[in-house]
Amino acid sequence: MTHDFEKLTQYAKSFTGLTTESEKLLKEVGPQIIPSLSSVTETFYAALALIPETKPYLEGRVEALQAMHTQWLEGLFTKDFDTSYTEAMYKVGDVHVKVKLPVEFMSGGMTLINNQLIPLVVNLYSNDPEKCTKVLSAINAATGFSLLTMQQSYQEASIAEELERFLKISGMSQKLFSNLAAAYKD
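Residues numbered from 1 in each chain as written. Predicted model: local features only at pLDDT ≥ 70, side-chain atom pairs only at ≥ 80, totals over all residues. Heavy atoms only, no water.

**Let's talk about the pattern of salt bridges**
Taken as a whole, this structure holds 6 salt bridges when the rule is applied. Lys13 is the partner of Glu23 in a salt bridge, and the nearest nitrogen-oxygen pair spans 3.1 Å. Taken as a pair, Glu23 in helix H2 (residues 20-33) and Lys13 in helix H1 (residues 5-16) lie far apart in primary sequence, 10 residues in all. Accessibility assignment for this pair places Glu23 and Lys13 in one class, buried. One salt bridge in this structure joins Lys131 and Glu28, with 2.8 Å as the shortest N-O distance. Remark: Glu28 occurs in helix H2 and Lys131 occurs in helix H8 (residues 129-170); sequence separation between them is 103 residues. Of the residues examined, Lys131 reaches a relative accessible area of 23% and is grouped as partly exposed. (Salt bridge = Lys/Arg side-chain N within 4 Å of Asp/Glu carboxyl O. Helix = DSSP H or I, 4+ residues; strand = E, 2+ residues; numbered from the N terminus. Buried < 20%, exposed > 50% of the residue type's maximum accessible area, 1.4 Å probe, protein only.)

This is the structure we're talking about:
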């Protein structure tokens, strides 16, 4: 399946309010925030370890997952939120689909992450409430953008499962279905 990552990028930005200005701000504050991100990751995985349902997804993998997680967090403050970023986040979502990670783990996880980033930012910028608010909004937009693009994989997997179920029940081949669908597009 081919994906229009440019369209998905714009779609995600429209929902999250991620703007050029907020992207610039994230890069500006990155040098102050990045040194604390490994601690954010450690706290995040410690919180996950307390949730019994996450255990099968973490066993024997925490160290590798933490390294990837910290790298992703750093990217929030160093990368452009362009089609390449969108494609990368979509692929992360696709991996989560393949390992059958419940979709609610992603939104819950993003909440746990933001719960760590909020006090970090408040501690750094409490002397400038306007900047603090802008940085928190930019982080919220960036994490929301990441979540929305990752969850798109779940949407497409759900549609594919429904189609597969329909084809199995109806006895229709994929080729026949595709031909019929193409005939009705015009």
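**What to know about the side chain of Thr41**
Turning to its location among the elements, Thr41 is positioned in helix H3 (residues 37-49). On the basis of relative accessibility, which here comes to 1%, the residue Thr41 falls in the buried class. A distance of 2.9 Å separates a polar atom in the side chain of Thr41 from a polar atom in the side chain of His69. With residues up to four places along the chain from it excluded, the contact list for Thr41 reads Gln66, His69, Thr70 and Leu73. (Polar contact = N/O pair within 3.5 Å; in protein donor to acceptor, adjacent residues only side chain to side chain. Contact = heavy atoms within 4.5 Å.)

**Some points on the nonpolar core**
Membership of the largest hydrophobic core comes to 43 residues, with the highest contact counts inside it found for Ile33, Trp72, Leu76, Phe77, Phe81, Val135 and Ile139. Listed by contribution, the elements that provide at least two residues to this core are H1, H2, H3, helix H5 (62-76), helix H6 (83-98), helix H7 (103-125) and H8. Broken down by element, the residue count for this core peaks at 11 residues, all from H8. Here Phe77 is in contact with Leu26, Lys27, Val29, Gly30, Ile33, Ile34, Leu37 and Ile139, once residues within four sequence places are set aside. (Core = buried A, V, L, I, M, F, W, Y, C linked by side-chain atoms within 4.5 Å.)

**What to know about the environment of Lys134**
With respect to the helices and strands, the residue Lys134 is situated in helix H8. Lys134 sits in the partly exposed class, given a relative accessible area of 48%. A C-alpha to C-alpha distance of 9.6 Å links Lys134 and Leu26, two positions 108 residues apart in sequence.

**Topic: the layout of surface pockets**
Approximately 890 Å³ is the volume attributed to the largest pocket. Forming the boundary of the largest pocket are 28 residues, of which Tyr45, Leu65, His69, Val92 and His96 lie nearest the centre. Going through the elements one at a time, H3, helix H4 (55-58), H5, H6 and H7 are the ones with two or more residues in the lining of the largest pocket. (1 Å grid on protein atoms, 1.4 Å probe; cavity = no way out; pocket = protein on both sides within 12 Å on 5 of 7 lines; lining within 4 Å. Points joined across faces, edges and corners; volume = space filled by probe spheres on them.)

**Here's the deal with the confidence of the model for the protein**
The share of residues in the protein with pLDDT of 70 or more is 84%, and the mean pLDDT across the chain is 88. Looking at the elements of the protein, mean pLDDT is at its lowest for helix H9 (residues 174-185), recorded as 65, and at its highest for H2, recorded as 98. (pLDDT = per-residue confidence, 0-100.)

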